[in-house]
Amino acid sequence: MQLSIITINRNNAAGLDSTMRSVATQTIKEFEYIVIDGASTDGSVEVIKKYEPQFTHLHWISEPDTGIYNAMNKGIRMATGEYIQILNSGDILANPNVVEKMYKTLDAQAYPEIMYGNMIKSFPDGKMITDMCFAGRIPTMKDFRKGTLNHDPAYIKRTLFEKFGYYREDLPITADWRWYVEAIPFGGVIPTYVDIDVTVFDMTGVSETQIAKREKERVDELKKILPVGVYCDYDNYGFAIEQYCRLKRHPFFYKLCYLMERFLFKLEKNKHKKQSLQIQQ
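A short tour of the structure in this document, coming up. (Residues numbered from 1 in each chain as written. Predicted model: local features only at pLDDT ≥ 70, side-chain atom pairs only at ≥ 80, totals over all residues. Heavy atoms only, no water.)

Per the secondary structure count, the protein chain includes 11 helices and nine strands. Across its three principal axes, the protein chain shows a C-alpha extent of roughly 90 × 40 × 35 Å. Put simply, the protein chain has 281 residues, and 43% of those count as buried. Look at the contacts in the protein chain between residues 6 or more apart in sequence, and 79% of them connect residues 24 or more apart. When the accessible surface of the protein chain is totalled, it reaches about 14900 Å², and 56% of it is carbon and sulfur. Each charge sign in the protein chain was given a centre, from 36 positive and 36 negative side chains, and these centres are 11 Å apart. (Helix = DSSP H or I, 4+ residues; strand = E, 2+ residues; numbered from the N terminus. Buried < 20%, exposed > 50% of the residue type's maximum accessible area, 1.4 Å probe, protein only. Contact = heavy atoms within 4.5 Å. Areas by Shrake-Rupley, 256 points an atom, 1.4 Å probe, with all protein chains shown as cover. Lys, Arg positive; Asp, Glu negative; His and termini not counted. Charge placed at Lys NZ, Arg CZ, Asp CG, Glu CD.)

Shown next as structure tokens:
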């Protein structure tokens, strides 16, 4: 099986219905679909049973779990596909032919370790924004300072979970970010981008409504990952690097700031030169 799509759910019957409908209506059916339900009591199991006849390869369980990433790991361990896609309850595939397009692109790209497309962010006020994430450039640690690779529109080779381990279940919100840090900047995996709208992401999810907790988890992990001296530079100058990158996209303002910096540099150099002469005298 080329692809295993994994949906996790707990007491979100309406969201699960939308997700399963978007998967069931795909133009091709040659993929494995896994639903991990956390012993829901709101009719979610009835939703699964309703859509069950529409799938060729559906596997599902409904049992207690210890959190989002515990449920994801259950699904990954059950999966047999070469690639894993995590499509959580409430999120949907953007179009009925998404899987077909991604299959063709996988073949054209010679089956990369991670391939991702666009994620359309759906806000509670109805606003929709297309997130292209890194849009093909190689992600660096700077990118993971405040962001991550979107997991909804990503096809991840299942063997990478054997190589880098499963999601950390002691991190309630940022385990997917932590896994990407291990695999991409530290592990050398280079994701491949394709300009395809893959998913519509529900922005009312836990990682967006608990921003403060998410940021604290990331900072705590970065302090463990990076040596003290490196983390200090990373923390102190990370924003300045982002500003520099932003300025470089606007040549006029970049040149202006460059000239100002050179002027300040010469002032400091002359100051140090005078101080050195005074000491010698």
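All right, on to the pairing of strand E4 (residues 83-86) then. With burial as the criterion, each face of E4 is covered, one bearing Tyr83 and Gln85 and the other bearing Ile84 and Ile86. Pairing geometry for strand E1 (residues 3-9) and E4, over four bridges, is parallel. Its bridge partner being in E4, isoleucine 6 is matched across the sheet by isoleucine 86. (Pairing = 2+ DSSP bridges.)

Ranked by size, the top nonpolar core spans 38 residues in total, and within it Ile114, Ile156, Tyr167, Trp179 and Tyr180 carry the most contacts. No other element matches helix H7 (residues 175-183), which puts six residues into this core. Contacts of tryptophan 179, omitting those with residues within four sequence positions, involve Ile114, Ile156, Leu160, Phe161, Phe164, Gly165, Tyr166 and Tyr167. By size, the runner-up hydrophobic cluster in this structure holds 28 residues, among which are Tyr33, Phe55, Leu93 and Met102. (Core = buried A, V, L, I, M, F, W, Y, C linked by side-chain atoms within 4.5 Å.)

Attention shifts here to the packing of H7 against helix H9 (residues 211-225). Viewed as axis vectors pointing N to C, H7 and H9 meet at an angle of 30°, and their least axial separation amounts to 11 Å. By the angle between their directions, the pair H7 and H9 is classed as roughly parallel. Seen from above, H7 lies across H9 with right-handed handedness. Counting all contacts with H7, which are made through Trp177, Arg178 and Val181, the residues of H9 involved are Arg218, Glu221, Leu222 and Ile225. (Axes fitted to C-alpha atoms, helices over the stretch in contact; angles between N-to-C directions. Parallel < 35°, antiparallel > 145°, perpendicular 65-115°, else oblique. Left-handed = near helix turned anticlockwise from the far one by under 90°.)

With the rule as written, the count across this model stands at 20 salt bridges. Put simply, arginine 145 and glutamate 242 hold a salt bridge, and the shortest N to O gap is 3.1 Å. With arginine 145 in helix H5 (residues 143-146) and glutamate 242 in helix H10 (residues 228-248), this residue pair connects regions lying 97 residues apart in the sequence. The class of arginine 145 is buried, set by a relative accessible area of 15%. Taking the shortest distance from any N to any O, the salt bridge between arginine 168 and aspartate 170 comes out at 2.8 Å. It is possible to trace a salt-bridge network through shared partners that takes in Arg168, Asp170, Arg178, Glu182, Glu221 and Lys224. (Salt bridge = Lys/Arg side-chain N within 4 Å of Asp/Glu carboxyl O.)

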